[in-house]
Amino acid sequence: SGSVRSENLKETWRHLGRAAWAVGSRRCRHCPHSMRKMLAAVSRVLLGVAQKPASRVLVASRNFANDATFEIKKCDLHRLEEGPPVTTVLTREDGLKYYRMMQTVRRMELKADQLYKQKIIRGFCHLCDGQEACCVGLEAGINPTDHLITAYRAHGFTFTRGLSVRAILAELTGRRGGCAKGKGGSMHMYAKNFYGGNGIVGAQVVPLGAGIALACKYNGKDEICLTLYGDGAANQGQIFEAYNMAALWKLPCIFICENNRYGMGTSVERAAASTDYYKRGDFIPGLRVDGMDILCVREATRFAAAYCRAGKGPILMELQTYRYHGHSMSDPGVSYRTREEIQEVRSKSDPIMLLKDRMVNSNLASVEELKEIDVDVRKEIEDAAQFATADPEPPLEELGYHIYCSDPPFEVRGANQWIKFKSIS
Amino acid sequence: MAVVASLTRRPLEQVSGLLRRRFHRTAPAALQVTVREAINQGMDEELERDEKVFLLGEEVAQYDGAYKVSRGLWKKYGDKRIIDTPISEMGFAGIAVGAAMAGLRPICEFMTFNFSMQAIDQVINSAAKTYYMSAGFQSVPIVFRGPNGASAGVAAQHSQCFAAWYGHCPGLKVVSPWSSEDAKGLIKSAIRDNNPVVVLENELMYGVPFELPPEAQSKDFLIPIGKAKIERQGTHVTIVSHSRPVSHCLEAATVLSKEGIECEVINMRTIRPMDIETIEASVMKTNHLVTVEGGWPQFGVGAEICARIMEGPAFNFLDAPVVRVTGADVPMPYAKVLEDNSVPQVKDIIFAIKKALNM
């Protein structure tokens, strides 16, 4: 039948494409450079054809639905009459996109773990594997023109806000190809409408985020700011100062508590008199969201964003999530929680697994297709890691750069009075 | 504010006044303006010039400012541009920095810089370091301003000078105006600067009038950050100071002039980046140096000047060690006699100068 033939044809394209890529990418001395480039181009075209979403292939695919409706958990509400919907529609296209993004974040974090153990990454490294539904789900609920700021567990957000894995890993390894040219490291990555990456444990972030929201309101362009902090940070005083001013001035700010149950080594029960983080805004309405379910996060974000854009002021979201790694790479993460607990979350609530199961069970994608995405993602991460390892460190001459903005060059003192570095803006 | 009104009167009126053959009134070339009025004018002009500029702080709007520095601004610009905050320094300083990151140009007022200690993390870690950490991607065009240093009878927790603390940090610019001209030119430069700038004003100077020269009356009058000013030429000794003590230095210079000692008085204007070249050039001329500041001696502004002079070309021109005049090394006491002796007085400066000159 026609549709079977189309499947076989697609497979053929894929094989051809992969073959061309395989030949082209090998450092084959029998293969001149120009030949390799041609093969690479050919493979890109063929693989591109093979990956066209089902709806664009001339002959309709045998298996896949265009979309499916799912039930999602109802959110607990604080000072809200109604909350986000309890069902949502997921399109195949969106599903594949979210799957790919979450898998990319997952593999990127695991690669960072590997590089850290090889001592190619040093200093602080706070990984977010397990929390992928948060960064991907939040991004799915807002516009690229909205703003986002978070604390130091930021690699996932740096990616979802638009930077490449290459730029992120190279920043972790402290190379000149890093998104901050090696000057910032793990906790200080910035992108358009993404304000880091902030290091002060606790809540330097939250007043900053309220300030960005103030700018949104000031500029009158209907933009909002997502301001994230953790369950540990939730007890910092300046958060409450920010809550007060945001509510007073009706700033379009979504305060988001990423509750992964542990502030470093301290469980929420040992740190907070009230662990109902979504209620801690008191006069600010709040919702508690299943942070392991990307669709739940997406719907809650859409709901909260609409609330802010309607000029009603700030709103608070608590995302209940979990991190597989310890607090940072120096924390094995098992002295304050059991391996059984970690394993239980992995087997029952893993966000990527949940999405995958949903998509496969409702015919939005096939297992093989998702496996292919896995392979592709692995390659992307591997390439990025190679770049991040091979790229040179920033040149010493740039040590003094970027002290001041928009200033003429001047001299910066080094370790003694004779060592001087040039500083340009 | 009659002097201000006369400033805005159109030239034609003055000409027609002459033609009408009244008693000739000299056009006000120089104007008497207090430091408070100068800061007010500077902020007013910049608020008018750029709609991204706004002011926030405690009591800045409806109260007209705790020290009346922002008088009239809320009436003119309204709630959007002049914002009263609750008592939450860390919170509103952070909000101001966030707004600056998102493209606005906030002026964040601390009622006094003593309260900025609540918010110092935002000033240093969120504002000062960000441009560097982001390798030039994220700038923070913010001004932190307010009264700094000793006042009168406000005791220890309200009298600290923060010039050394903020001057310590790369990524910040720190200015310390003395006169009205300084105040106006520096606040305007600070607001137009794309970097975080700390403006250390002085409460006891707010009410002091100075003559504002004609060029300082222009709406584009700016004083460059990082440049000191020689307030008084001299040949025998260089006196370097900033903020209110500059007045005392000039007084001491007047007294000593009668004894034949000519002091060159340098007003630093900027703490960071420090204009060490002007100081060096002066020392190479006079061969003697005295530093005067209101802050504590250890790790202070004078200590930094001493170190830099030692490291530079001017060291070989010194005929005597540098002498520092500073605040006493104690938390500020309350009783008048104690307070008076905890800050540099004119007699202390004169004594120090004579010591430097070995007299």
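Rules used in this analysis
- Residues numbered from 1 in each chain as written.
- Chains lettered and ligands numbered in written order.
- Predicted model: local features only at pLDDT ≥ 70, side-chain atom pairs only at ≥ 80, totals over all residues.
- Heavy atoms only, no water.
- Pairing = 2+ DSSP bridges.
- Helix = DSSP H or I, 4+ residues; strand = E, 2+ residues; numbered from the N terminus.
- Axes fitted to C-alpha atoms, helices over the stretch in contact; angles between N-to-C directions.
- Domains from an automatic or database assignment.
- Contact = heavy atoms within 4.5 Å.
- pLDDT = per-residue confidence, 0-100.
- Buried area = accessible area lost by both parts, 1.4 Å probe.
- Salt bridge = Lys/Arg side-chain N within 4 Å of Asp/Glu carboxyl O.
- Polar contact = N/O pair within 3.5 Å; in protein donor to acceptor, adjacent residues only side chain to side chain.
- Nonpolar A, V, L, I, M, F, W, Y, C, P; charged D, E, K, R; others polar.
- Buried < 20%, exposed > 50% of the residue type's maximum accessible area, 1.4 Å probe, protein only.
- Right-handed = clockwise from strand over helix to strand, strands pointing away.
- Core = buried A, V, L, I, M, F, W, Y, C linked by side-chain atoms within 4.5 Å.
- 1 Å grid on protein atoms, 1.4 Å probe; cavity = no way out; pocket = protein on both sides within 12 Å on 5 of 7 lines; lining within 4 Å.
- Points joined across faces, edges and corners; volume = space filled by probe spheres on them.

1. Observations regarding the sheet that holds strand S12 (residues 270–272) of chain B
Residue and element names in this part refer to chain B.
Working step 1: Ordered by their spatial adjacency, seven strands build an open sheet running S3-S2-S4-S5-S7-S6-S12, and the pairing between neighbours is mixed. Either end of the sheet is taken by a strand with one partner, and the two such strands are strand S3 (82–84) and S12. Between one strand and the next, the sheet's axes are offset by a mean angle of 20°, whatever the strand orientation.
Working step 2: Both strand S6 (residues 173–175) and S12 contribute to a ladder of two bridges, which runs antiparallel. Bridged to Val174 within S12 is Arg272.

2. Quick look at the domain arrangement of chain A
For an interface, size is often stated in terms of accessible area lost upon the parts coming together.
Working step 1: Segmenting chain A into domains produces domain 1 (67–394) and domain 2 (397–424).
Working step 2: Once you take the C-alpha centre of each, domain 1 of chain A and domain 2 of chain A turn out to be 36 Å apart.

3. Some details on the environment of Ala156 of chain B
Working step 1: Counting through the fold element by element, Ala156 of chain B comes out in the loop between strand S5 (143–147) and helix H8 (163–167).
Working step 2: Not counting the four nearest positions on each side in its chain, Ala156 of chain B is found in contact with Pro331 and Met332 of chain B.

4. Notes on the confidence of the model for chain B
Working step 1: For chain B, the average pLDDT comes to 93, and 92% of its residues sit at 70 or higher.
Working step 2: Our summary of model confidence lists the complex with pTM equal to 0.87 and ipTM equal to 0.87.

5. Section: the interface of chain B and chain A
Working step 1: Each partner contributes to the interface: chain B provides 47 residues, whereas chain A provides 37 residues.
Working step 2: Summed over the three residues of chain B that lose the most area to chain A, namely Ile95, Tyr132 and Met133 of chain B, the buried surface amounts to 20% of that side.
Working step 3: Applying the counting criterion to the chain B and chain A interface returns two salt bridges.
Working step 4: The partner of Asp407 of chain A in a salt bridge is Lys173 of chain B, and the shortest N-O contact between them spans 2.7 Å.
Working step 5: The tally of links between chain B and chain A comes to 18 residue pairs in polar contact (both at pLDDT 80 or more).
Working step 6: Every element with two or more residues in the side of chain B that touches chain A is listed here: strand S2 (53–57), helix H4 (73–81), S3, helix H5 (89–101), helix H6 (116–128) and helix H7 (130–133) of chain B.
Working step 7: Counting residues per element, the side of chain B that touches chain A draws most heavily on H5 of chain B, at ten residues.
Working step 8: A breakdown of the residues in the side of chain B that touches chain A according to their chemical character gives 20 nonpolar, 16 polar and eleven charged.

6. Observations concerning the pairing of strand S11 (residues 263–267) of chain B
Residues and elements named next belong to chain B.
Working step 1: Most of S11 sits inside the fold, with five of its five residues counted as buried.
Working step 2: As paired strands, strand S10 (residues 237–241) and S11 are joined by five bridges and run parallel to one another. If you follow Thr238 over to S11, its bridge partner there is Glu264.
Working step 3: Note that the unit made of S10, helix H10 (residues 245–257) and S11 has a crossover that is right-handed.

7. A look at helix H4 (residues 132–141) of chain A
An α-helical segment advances 3.6 residues per turn. Residues three or four places apart therefore align on the same side.
Working step 1: Judged by how many residues are buried, H4 of chain A sits mostly within the fold: nine of ten residues are covered.
Working step 2: Residues of H4 of chain A that are buried include every one of Glu132, Ala133, Cys134, Cys135, Val136, Gly137, Leu138, Glu139 and Gly141 of chain A, and no others.

8. As for the domain arrangement of chain B
Residues and elements named next belong to chain B.
Working step 1: Splitting chain B by domain gives domain 1 (32–217) and domain 2 (229–357).
Working step 2: Each of domain 1 and domain 2 has a C-alpha centre, and these two points are 26 Å apart.
Working step 3: Facing the 29 residues of domain 1 at the interface are 25 residues of domain 2.
Working step 4: Both sides together, the interface formed by domain 1 and domain 2 hides about 2,100 Å², and carbon and sulfur atoms give 58% of it.
Working step 5: Of all residues in domain 1, Gly153, Ser176 and Trp178 bury the most surface against domain 2, accounting for 27% of the area lost on that side.
Working step 6: In this assembly, domain 1 and domain 2 are joined by three salt bridges.

9. Considering the pairing of strand S4 (residues 105–109) of chain B
All names here are of chain B.
Working step 1: With five of five residues buried, S4 is to be regarded as a mostly interior element.
Working step 2: Every second residue of S4 is oriented toward a common face, with Arg105, Ile107 and Glu109 on one face and Pro106 and Cys108 on the other, all of them buried.
Working step 3: In this sheet, S4 lies alongside S2 in parallel orientation, the contact comprising five bridges. If you follow Gly57 over to S4, its bridge partner there is Glu109.

10. Examining the nonpolar core
Working step 1: Judged by nonpolar contacts, the single largest core of 82 residues is most densely connected at Tyr229 and Phe255 of chain A together with Phe144 of chain B.
Working step 2: When residues of this core are assigned to their parent elements, the largest contribution, nine residues, is made by helix H7 (residues 205–219) of chain A.
Working step 3: When near neighbours in sequence (up to four residues on either side) are disregarded, Tyr229 of chain A contacts Val206, Ala234, Ile239, Tyr243, Phe255, Ile256, Cys257, Glu258 and Leu316 of chain A.

11. Observations regarding the side chain of Ser70 of chain B
Residue and element names in this part refer to chain B.
Working step 1: Along the polypeptide, Ser70 turns up in the loop between S2 and H4.
Working step 2: Given a relative accessible area of 0%, Ser70 falls into the buried group.
Working step 3: Among the polar contacts listed, one links the side chain of Ser70 to the backbone nitrogen of Gly65, at a separation of 3.5 Å.

12. A closer look at the layout of surface pockets
To find leftover empty space, one rolls a probe the size of a water molecule over the atoms.
Working step 1: What the largest pocket holds in volume is close to 1,500 Å³.
Working step 2: If you go around the largest pocket, you meet 47 residues; those closest to its centre are Glu411 and Arg413 of chain A together with Arg272, Glu304 and Arg308 of chain B.
Working step 3: Of all the secondary-structure elements, those providing two or more residues to the lining of the largest pocket are strand S11 (410–413) of chain A together with H6, H7, H8, S12, helix H11 (276–286) and helix H12 (301–311) of chain B.
Working step 4: At six residues, H12 of chain B tops the list of elements feeding residues into the lining of the largest pocket.
Working step 5: When its residues are assigned to classes, the lining of the largest pocket shows 26 nonpolar, nine polar and twelve charged.

13. Comments concerning the sheet that holds strand S14 (residues 323–325) of chain B
Residue and element names in this part refer to chain B.
Working step 1: Strand order in the open sheet made by the five strands is S9-S11-S10-S13-S14, with mixed pairing throughout. Bordering the open sheet on either side are strand S9 (229–232) and S14, each of which pairs with just one other strand. Strand after strand, the sheet turns through a mean of 25° between neighbouring axes, direction not considered.
Working step 2: Note that strand S13 (residues 289–292) and S14 share three bridges and pair parallel. Considered in S14, the bridge of Val292 is made with Val325.
Working step 3: Contacts between H10 and the sheet are confined to S9, S10, S11 and S13, with S11 contributing the most and set at about 170° to the helix.
Working step 4: Along the sheet face, H12 touches S10, S13 and S14 and points at about 155° away from the line of S13.

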